[in-house]
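Listed below, chain by chain, are the residues.
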Amino acid sequence: MAQEVLDRNSAIEQSAAQITQTVSETYATIEQVDGISVGGRNLAIGTNQGVSNWSNWSFGTSGASATKEEVDVNGVRAVKFTRNDVANTSWTYLSYAKFASNLIEPSTDYVISFDVLSSVNSGFNVGLLSNDSSLIWADLKSTGQVDANVWTKLSARITTREALGDPTSTGIRIYFTAWKNDPGISYTFKNLKLEKGTIPT
């Protein structure tokens with residue numbers, strides 16, 4: 001009987017140790033979560049309205065261009081850009097232009113996120129710039145990579161600069177750069193968000 005009790009106590013202690021280890025491996029400590037804040041209000045206004053507020057996909061090479069069209073994705077009014085057959089050997093960018101710009105604060109963390117369907121493996125850099133891109137509100141940051149033909153949510157954490165311009169005179173846009181732009185490829189976007197914080201919702 002005594003040995004049975006000892007065996008049970010030993011089993012209980014082993015189970016408790018396993019639980020403690022599992023909890024330790026699964027949950028972050030207070031120190032690990034310090035500085036993390038989850039986004040909330042979308043400061044990009046009027047998203048999921050097809051082509052509204054999206055610029056044309058622009059290129060530095062004459063003749064290089066892309067079409068822009070609204071597409072329905074399970075009831076969401078997404079926007080699709082498709083390249084023509086002229087190769088681009090210069091700069092390229094895309095932007096989104098409508099914001100609650102009065103709520104953009106200096107030296108503050110924000111997160112840009114969006115869902116994208118790409119016809120090729122690619123990546124993006126995103127940031128906040130003035131309409132003519134001469135004034136940087138938040139430096140361009142990488143969103144990571146997307147695999148071809150799979151809807152993927154990408155995001156990038158950005159930090160606004162200490163000194164910001166006047167958005168009423170300069171405008172402000174989310175700029176997309178550093179993505180593949182070979183002839184014939186396409187990108188479809190939905191659920192674009194700009195949120196205060198470090199984690200997208």
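Model, not experiment: these values are computed from the prediction. (Residues numbered from 1 in each chain as written. Predicted model: local features only at pLDDT ≥ 70, side-chain atom pairs only at ≥ 80, totals over all residues. Heavy atoms only, no water.)

K.L.:
Would you take a moment to explain the overall build of the protein for this structure?
P.N.:
Scanning the protein from N- to C-terminus turns up three helices and ten strands. Walking the protein from its N terminus toward its C terminus, one meets helices and strands in the order α-α-β-β-β-β-β-β-β-β-α-β-β. Within the protein, the proportion of its 201 residues that are buried is 35%. A sequence separation of at least 24 residues applies to 76% of the contacts in the protein between residues at least 6 apart. When the accessible area of the protein is evaluated, it comes to approximately 11000 Å², of which 49% is carbon and sulfur surface. (Helix = DSSP H or I, 4+ residues; strand = E, 2+ residues; numbered from the N terminus. Buried < 20%, exposed > 50% of the residue type's maximum accessible area, 1.4 Å probe, protein only. Contact = heavy atoms within 4.5 Å. Areas by Shrake-Rupley, 256 points an atom, 1.4 Å probe, with all protein chains shown as cover.)

K.L.:
Looking at this structure, how should I read the pairing of strand S9 (residues 173–177)?
P.N.:
Regular strands place their side chains on alternate faces of the sheet. For S9, a buried count of five out of five residues is recorded, marking the element as mostly surrounded by other parts of the structure. Two strands pair when backbone bridges link them, and strand S4 (residues 92–96) and S9 are joined in this way by three bridges, in the antiparallel orientation. Bridge pairing in S9 places Leu 94 opposite Phe 176. As paired elements, strand S6 (residues 122–129) and S9 share five bridges and run antiparallel to each other. Its bridge partner lying in S9, Leu 129 is registered against Arg 173. (Pairing = 2+ DSSP bridges.)

K.L.:
I'm lost on the sheet that holds strand S7 (residues 136–146) in this one. Help?
P.N.:
Pairing between sheet strands relies on hydrogen bonds along the backbone, with the strands arranged either parallel or antiparallel. Here five strands make up an open sheet; going across it, the order is S1-S4-S9-S6-S7 and the pairing antiparallel. Both edges of this open sheet fall to strand S1 (58–59) and S7, since each of them pairs with a single strand only.

K.L.:
How do you make sense of the side chain of Ser 186 when you look at a structure like this?
P.N.:
In this structure, Ser 186 sits in strand S10 (residues 186–196). Sequence-distant contacts of Ser 186, defined by excluding residues within four places in its chain, comprise Lys 80, Phe 81, Thr 82, Leu 117, Ser 118 and Ser 119.

K.L.:
Just checking my understanding: could you explain the nonpolar core for this structure?
P.N.:
Looking at soluble globular proteins, one finds that nonpolar side chains tend to be buried together. With 35 residues, the main nonpolar core has Trp 54, Phe 114, Phe 124, Ile 174, Phe 176, Phe 189 and Leu 194 as its most contacted residues. Only strand S3 (76–83), S4, strand S5 (109–118), S6, S7, strand S8 (152–159), S9 and S10 provide two or more residues apiece to this core. Those residues in contact with Phe 114 that lie beyond four places of it in its chain are Phe 124, Val 126, Thr 143, Thr 152, Lys 153, Leu 154, Phe 176, Phe 189, Lys 190, Asn 191 and Leu 192. (Core = buried A, V, L, I, M, F, W, Y, C linked by side-chain atoms within 4.5 Å.)

K.L.:
Help me understand the pairing of S10, please; the structure alone is not making it clear to me.
P.N.:
Extensive coverage of S10 is indicated by the burial of eight of its eleven residues. Relative to S10, S3 runs antiparallel, the two being bridged by four bridges. Counted as the bridge partner of Phe 81 is Tyr 187 from S10. Pairing of S5 with S10, which is carried by eight bridges, proceeds in the antiparallel orientation. Bridge pairing in S10 links Asp 115 to Lys 190.

K.L.:
Quick question: what am I supposed to make of unusual backbone geometry here?
P.N.:
As a rule of thumb, non-glycine residues mostly have phi less than zero, and peptide bonds are mostly trans rather than cis. Here Asn 53, not a glycine, exhibits a phi torsion of approximately 75 degrees, which is positive. Within the fold, Asn 53 resides in the loop between helix H2 (30–33) and S1. With phi around 65 degrees, Ser 133 is a residue other than glycine that occupies positive phi space. Tracing the sequence through the fold places Ser 133 in the loop between S6 and S7. The exposure class assigned to Ser 133 is partly exposed, which follows from its relative accessible area of 35%.

K.L.:
Whenever I open this one, the packing of aromatic side chains confuses me. Can you help?
P.N.:
All chains considered together, the criterion is met by 21 aromatic pairs. Taking 6.0 Å as the distance between ring centres and 65 degrees as the angle between the ring planes, the aromatic pair formed by Trp 54 and Phe 81 counts as edge-to-face. Highlighted residues: Trp 54 in the loop between H2 and S1 and Phe 81 in strand S3, separated in sequence by 27 residues. Each of the two residues, Trp 54 as well as Phe 81, counts as buried. Counting every residue linked through ring pairs, the aromatic cluster contains Trp 54, Trp 57, Phe 59, Phe 81, Tyr 96, Phe 99, Phe 114, Phe 124, Phe 176, Trp 179, Tyr 187 and Phe 189. Here the basic side chain of Arg 83 rests over the ring of Phe 59, its NZ or CZ set 4.4 Å away from the ring centre. (Phe/Tyr/Trp six-rings, centres within 6.5 Å; stacked < 30°, edge-to-face > 60°. Lys NZ or Arg CZ within 6 Å of the ring centre and 35° of its normal.)

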